[in-house]
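If you want the building blocks of each chain, they are given just below.
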Amino acid sequence: MITVAGSLNMDLVVYADRIPRPGETVLGRNFRQMPGGKGANQASAAAKLGADVRMIGCVGADSFGAQLKESLSSDGVDVEYVMVKPDVATGVAVIQVESSGDNSITVAAGANYSITAEDIAGMKDVVTDTDVILLQLEIPLETVKAAIFAAKSAGKLVILNPAPAAVLDEEILRRTDILTPNETELEFLSGHRTDTLENLKAAGTILLEKGVKDLVITLGSRGALHMNRNSTAHYDAYRVNAVDTTAAGDSFNAALAVFLSEGKTMEEAIGFAMKVGAMTVTKEGAQPSLPLLEEVNHFDQWIKDHIKS
Ligand code: ADP
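Residues numbered from 1 in each chain as written. Predicted model: local features only at pLDDT ≥ 70, side-chain atom pairs only at ≥ 80, totals over all residues. Heavy atoms only, no water.

Focus: the overall build of the chain
Applicable threshold: Under the scheme used here, helices are H or I runs from DSSP no shorter than 4 residues and strands are E runs no shorter than 2 residues, and both carry numbers assigned from the N terminus. As defined in this context, the radius of gyration uses C-alpha atoms, and a globule is described by 2.2 Å times the residue total to the power 0.38. Residue exposure (1.4 Å probe, protein chains only): buried if accessible area is under 20% of the type maximum, exposed if over 50%, otherwise partly exposed. Here, residues are in contact when the closest pair of their heavy atoms is within 4.5 Å. Under the convention used here, a 1.4 Å probe and the Shrake-Rupley method define accessible areas, while residue burial counts only the protein chains that appear. Working convention for charge: Lys and Arg count positive, Asp and Glu count negative, and His plus the chain ends are omitted. Note that the charge is assigned to NZ on lysines, CZ on arginines, CG on aspartates and CD on glutamates.
Helices and strands together make up the secondary structure of the chain, namely 12 helices and 13 strands. Taken over the C-alpha trace, the chain has a radius of gyration of 19 Å; the compact-globule value for 309 residues is 19 Å, and the two agree within 12%. Dimensions along the principal axes, computed over C-alpha positions, put the chain at roughly 55 × 55 × 40 Å. The buried share among the 309 residues of the chain stands at 50%. Within the chain, contacts between residues at least 6 apart in sequence are counted, and of these 64% link residues at least 24 apart. Counting every atom, the chain has about 13,900 Å² of accessible surface; 50% of that belongs to carbon and sulfur. Between the centroid of the 27 positive side chains of the chain and the centroid of its 41 negative side chains there is a distance of 3 Å.

Quick word on the pattern of salt bridges
Spelled out, the test is: Salt bridges are counted wherever a side-chain nitrogen of Lys or Arg sits within 4 Å of a carboxyl oxygen of Asp or Glu.
Evaluation of the coordinates by the stated rule reveals 12 salt bridges. Between D17 and R29 there is a salt bridge; the shortest N-O distance is 2.6 Å. Within this pair, whereas D17 is found in the loop between β2 (9–16) and β3 (28–36), its partner R29 is found in strand β3, the two being separated by 12 residues in sequence. Taken as a pair, D17 and R29 share a single burial class, namely exposed. Between D195 and R193 there is a salt bridge; the shortest N-O distance is 2.5 Å. By relative accessible area, D195 is classed as partly exposed at 48%. Owing to a relative accessible area of 53%, R193 belongs among the exposed residues under this scheme.

Quick word on the sheet that holds strand β5 (residues 78–85)
Applicable threshold: Two strands pair if DSSP finds at least two bridges between them. Only C-alpha atoms enter the line fits that serve as axes; for helices the fit covers just the stretch in contact. Angles between N-to-C directions range over 0 to 180 degrees.
Spatial ordering of the open sheet is given by β5-β4-β1-β8-β9-β10-β11-β12-β13, a layout of nine strands whose pairing is mixed. Lying at the two open borders of the sheet, with one neighbouring strand each, are β5 and β13 (232–235). As paired strands, strand β1 (residues 2–5) and strand β8 (residues 132–135) are joined by four bridges and run parallel to one another. Looking at β8, one finds that A5 is bridged to L135. Across the sheet, helix α1 (residues 38–48) is in contact with β1, β4 (53–60) and β8; its angle to β4 comes to roughly 150 degrees.

Let's talk about helix α8 (residues 197–209)
Given 3.6 residues per turn, any residue in an α-helix points the same way as the ones three and four places further on. Quick note on the threshold: Expected span of a helix, by definition, is 1.5 Å for each gap between consecutive residues, and there is one gap fewer than residues.
In a regular helix each residue adds 1.5 Å, so 13 residues correspond to 18 Å; α8 covers 18 Å between its end C-alpha atoms and thus fits that length. Every buried residue belonging to α8 is among N199, L200, A203, G204, L207 and L208, and all of these are buried. On its buried face, α8 is in contact with α6 (170–174), β10 (178–179), α7 (183–190), β11 (214–218) and β12 (224–227). Of the residues flanking the end of α8, it is G211, one or two places downstream, whose phi is positive at about 115 degrees.

Considering the sheet that holds strand β6 (residues 91–98)
Spatially, the four strands line up as an open sheet ordered β3-β2-β6-β7, and their pairing is mixed. Strands with a single pairing partner mark the edges of an open sheet, and in this sheet they are β3 and β7 (103–108). With direction set aside, neighbouring strand axes in the sheet form an average angle of 15 degrees. Sheet topology note: the β2/β6 ladder contains eight bridges and is parallel. Residue N9 lies in a different strand from β6, and its bridge partner there is G91.

Quick word on the packing of aromatic side chains
So the rule is basically this: Centres within 6.5 Å make a pair out of two Phe, Tyr or Trp rings, where for Trp the six-membered ring is used; the pair is then stacked when the planes are under 30 degrees apart, edge-to-face when over 60, and tilted otherwise. Here, a charge over a ring is recorded when the distance from Lys NZ or Arg CZ to the ring centre is within 6 Å and its angle to the ring normal is within 35 degrees.
Summed over the entire model, instances satisfying the criterion amount to three aromatic pairs. On the basis of an interplanar angle of 10 degrees and a centroid distance of 3.9 Å, the ring pair of F259 and F272 is categorised as stacked. A residue pair is termed long-range when its members are at least 10 positions apart, and F259 in helix α9 (residues 248–261) and F272 in helix α10 (residues 266–281) qualify at 13 residues. Judged by relative accessible area, which is 16%, F259 ranks as buried. The class for F272 is buried, based on a relative accessible area of 7%. Pairwise contacts between aromatic rings join Y238, F299 and W302 into one cluster. Between the NZ or CZ atom of R175 and the centre of the ring of F149, over which it lies, the distance is 3.8 Å.

Focus: the pairing of β11
Counting buried residues along β11, five of its five residues qualify, which places the element largely inside the surrounding structure. On β11, burial covers both faces: D214, V216 and T218 on one face and L215 and I217 on the other are all buried. Bridge count for β10 against β11 is two bridges, and the pairing is parallel. Bridge pairing in β11 places L179 opposite L215. Inspection of the sheet shows β11 paired to β12 by four bridges, in the antiparallel sense.

Listed below in structure tokens is the structure:
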């Protein structure tokens, strides 16, 4: 069982020739509404990869909230602990995409920010009745902390994807088994540059010294770096034609959680996550681009068709 505690957002995407300046109106072309939020993306990804997944989160008593729960549920995620709070709006991300491909995004966290440490205390058995707990930072830090404390005191595996980056105290870092920053997040968390391999390792060492057990740094098309006190290993990314890197990190984290919850080694888990990340970037969107286990099982054939020449 994997428990994901995190955000659910409705992504509202408008496509236009260009993004308007303040005070300006431009006529857009089309509009798409898609389920998103890092928590929901990771829960959906893990369920598609065949795991038993439960989501802890919060939406408002509105139509977006109902649609987000329904969408996760149809992916096979248990949404019993996605609370519905009547006095808040479901989280939304308003995304404008212009023809150059550039985008601008405003997130209204809404209900995601109303899930409290007390809510987690009331769900203590839920947090501990799991193999792995997977968290991100799109819900209040105090809530993340409460979930990590509860899971760790029951000896569960804690995976924290520190996105978007926020200051993490040592009480959190010491209870985190696996921290999965990208380069930018690692730079923020360590206060150290990450522009060269040497600097990446030095930045990683700072976090290991603060108590993180394993660090898996995702490097986009350059793969990932795994560090712990005993070893450092680099994993090459598959060479594929990326069309949209949205949710690459989300599917990577989910894949890691799935393999580790099945008792596989870190090496096997990162190898699997590399495949899942590569498959995600070859399709558009967040949740629609997440691969099914069945598809990953045919990766050897898939990569022959998608390898970048
Ligand atoms: P984030 O979205 O959190 O910044 P990354 O961009 O580092 O995360 O991507 C996570 C993982 O997805 C990478 O470690 C890699 O395995 C895979 N990935 C991302 N971009 C590519 C790419 N262009 N080609 C192949 N694999 C990729």
